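Breakdown of the fold
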Amino acid sequence: MLQTTIHFGEHEPLWIIDDRSPPVMGGPLGKLQLAHYDYIVPRLMQSANAIIVQNYQHEKFLMNRFNCSFPKFIHCGGGVDESRFFSNSSNASNDEITIVYAGSLVRERGILQLIDACKFSVDSGLRIRLVTLGRGNLSDKLFKLSSDYDWFEHRGFVSTEEYENLLSEAHIGVVPHPDKLAWRICSPLKLKEYAASGLVVIATDLPSHRELGARNWLKLIPPNEFNVNFRNVIKDLIVSKSLDELSKSAITDSEHFSWKNETEPIFDWINSNVRI
């Protein structure tokens, strides 16, 4: 949670709170962070003129959790720098699909579940290749698993240029987050970055992901029976040969996910409330 001061001339400063959501991690550290979050939120609200949240789900969570008065809510999720992302991929003639996971490498993000689902798909006869990249305490385990499976490649932490290139060469981006509090209210930034790279997106069916609306390139699957649901979506994409068409649709839709669009509510609020 960040606090920003806007001060103009001799007038009293305006205070904007930027809440990035409750802790992601579980265990003792996560519980300690959540206890601090519960302590600080109602106290900060007493002096705030506005609070930035990631989406409606985030706002609803705060309203339900805390018995306090809130200032004006401003919705501002993560935005995409469209100039960074591009697409080089196309449907392969041999129907091999390249799937990418990019992000923090921790159990809480469902990565091991994703690997199990890919193994299930391969064992079912589908030709796929999984590439994972990022950093986190699972990285060593993923390097070991990648040596066990010829369809799995773990790249670990990569440069910004490598990250953009790896996304551009893939067909599908995956966000396998389990049904946990932090993921139900977070900003679906990774989905937006995948779309800007022309990827079809497979993500768990969570409220935060639904806020992107109905998109033909966005395939939401229930967290339960993840392996079967994941396999079925991949199979349908291969049979329909629709990846190129969906890729173009994702790039078109990603124009609405820019930082300019995302930050407009903040500028609107400032313009309506500053007194010079």
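1. Some remarks on the overall build of the protein chain
- Summing up its helical and strand segments, the protein chain has 11 helices and 10 strands in all.
- Over its C-alpha atoms the protein chain spans a radius of gyration of 20 Å, differing by no more than 12% from the 19 Å that the globule rule assigns to 276 residues.
- Seen through its C-alpha atoms, the protein chain measures out along the principal axes to roughly 70 × 40 × 30 Å.
- Here the protein chain holds 276 residues, and the buried ones make up 49% of them.
- For the protein chain, contacts bridging at least 24 residues in sequence account for 70% of all contacts bridging at least 6.
- Carbon and sulfur atoms provide 49% of the accessible area of the protein chain, an area that totals close to 13,800 Å².

2. Thoughts on the pattern of salt bridges
- Here the structure, examined in full by the defined rule, presents 14 salt bridges.
- The partner of Asp38 in a salt bridge is Arg65, with the nearest N and O atoms 2.8 Å apart. Linking Asp38 in helix 1 (residues 27-45) with Arg65 in helix 2 (residues 56-65), this pair joins segments that are 27 residues apart in sequence.
- Owing to a relative accessible area of 28%, Asp38 belongs among the partly exposed residues under this scheme.
- Overall, the relative accessible area of 36% leaves Arg65 in the partly exposed class.
- In this structure, the salt-bridge partner of Arg155 is Glu153, at a minimum N-O distance of 3.5 Å.
- Taking relative accessible area as the criterion, Glu153 reaches 26% and is therefore assigned partly exposed.
- In this structure, a network of salt bridges that share partners links the residues Arg129, Glu153, Arg155 and Glu162.

3. A few points about the sheet that holds strand 7 (residues 152-156)
- Across the sheet, which stays open at both edges, the six strands sit in the order 7-6-5-8-9-10 with parallel pairing between neighbours. A single partner strand is all that each edge strand has here, and the edge strands are strand 7 and strand 10 (218-221). In this sheet, adjacent strand axes meet at a mean angle of 20° when their direction is disregarded.
- Of the pairings in the sheet, the one linking strand 5 (residues 97-102) to strand 8 (residues 172-175) comprises two bridges and is parallel in character. Note that in strand 8 the partner of Val100 across the bridge is Gly173.

4. What to know about helix 7 (residues 189-196)
- Buried residues dominate helix 7, accounting for six of its eight residues.
- Of the residues making up helix 7, those classed as buried are Leu191, Lys192, Glu193, Tyr194, Ala195 and Ala196.

5. Some thoughts on the packing of aromatic side chains
- Under the definition given, this model contains seven aromatic pairs.
- When the ring of Phe226 is compared with that of Phe230, the centres are 5.8 Å apart and the planes differ by 20°; the resulting orientation is stacked. Remark: Phe230 and Phe226 occur in helix 9 (residues 226-240); sequence separation between them is four residues, near one turn of the helix.
- Of the aromatic side chains, those joined through ring pairs into one cluster are Tyr37, Phe61 and Phe66.
- A cation over a ring is seen here: Arg135 above Phe157, with NZ or CZ 3.8 Å from the ring centre.

6. Topic: helix 2
- For helix 2, the set of buried residues is Gln57, His58, Glu59, Phe61 and Leu62.
- The elements touched by buried residues of helix 2 are helix 1, strand 3 (50-53), strand 4 (72-75), helix 6 (181-185) and helix 8 (207-210).
- The N-cap residue of helix 2 is Asn55: its side-chain oxygen and the backbone nitrogen of Gln57 are 3.2 Å apart.

7. A short note on the pairing of strand 4
- Taken together, the four bridges between strand 3 and strand 4 define a ladder with parallel strand orientation. Note that in strand 4 the partner of Ile51 across the bridge is Phe73.
- After leaving strand 3, the chain enters helix 2 and then returns to the sheet as strand 4, a path that is right-handed.

8. Concerning the side chain of Thr263
- Here Thr263 shows up in helix 11 (residues 259-273).
- Polar contacts involving the side chain of Thr263 include one to the main-chain carbonyl oxygen of Lys260, which spans 3.4 Å.

9. Notes on the packing of helix 3 (residues 111-123) against helix 4 (residues 139-148)
- The interhelical angle for the contact between helix 3 and helix 4, taken along N-to-C directions, is 10°, at an axis separation of 12 Å. The orientation of helix 3 with respect to helix 4, classified from their angle, is roughly parallel. Between helix 3 and helix 4, the residues in contact are Ile111, Leu112 and Ile115 and Lys141, Leu142 and Leu145, respectively.
- Its residues placed into classes, the contact of helix 3 with helix 4 shows five nonpolar, no polar and one charged.

Cut-offs and rules
- Residues numbered from 1 in each chain as written.
- Predicted model: local features only at pLDDT ≥ 70, side-chain atom pairs only at ≥ 80, totals over all residues.
- Heavy atoms only, no water.
- Helix = DSSP H or I, 4+ residues; strand = E, 2+ residues; numbered from the N terminus.
- Rg over C-alpha atoms; globule rule 2.2 N^0.38 Å.
- Buried < 20%, exposed > 50% of the residue type's maximum accessible area, 1.4 Å probe, protein only.
- Contact = heavy atoms within 4.5 Å.
- Areas by Shrake-Rupley, 256 points an atom, 1.4 Å probe, with all protein chains shown as cover.
- Salt bridge = Lys/Arg side-chain N within 4 Å of Asp/Glu carboxyl O.
- Pairing = 2+ DSSP bridges.
- Axes fitted to C-alpha atoms, helices over the stretch in contact; angles between N-to-C directions.
- Phe/Tyr/Trp six-rings, centres within 6.5 Å; stacked < 30°, edge-to-face > 60°.
- Lys NZ or Arg CZ within 6 Å of the ring centre and 35° of its normal.
- Polar contact = N/O pair within 3.5 Å; in protein donor to acceptor, adjacent residues only side chain to side chain.
- Right-handed = clockwise from strand over helix to strand, strands pointing away.
- Parallel < 35°, antiparallel > 145°, perpendicular 65-115°, else oblique.
- Nonpolar A, V, L, I, M, F, W, Y, C, P; charged D, E, K, R; others polar.

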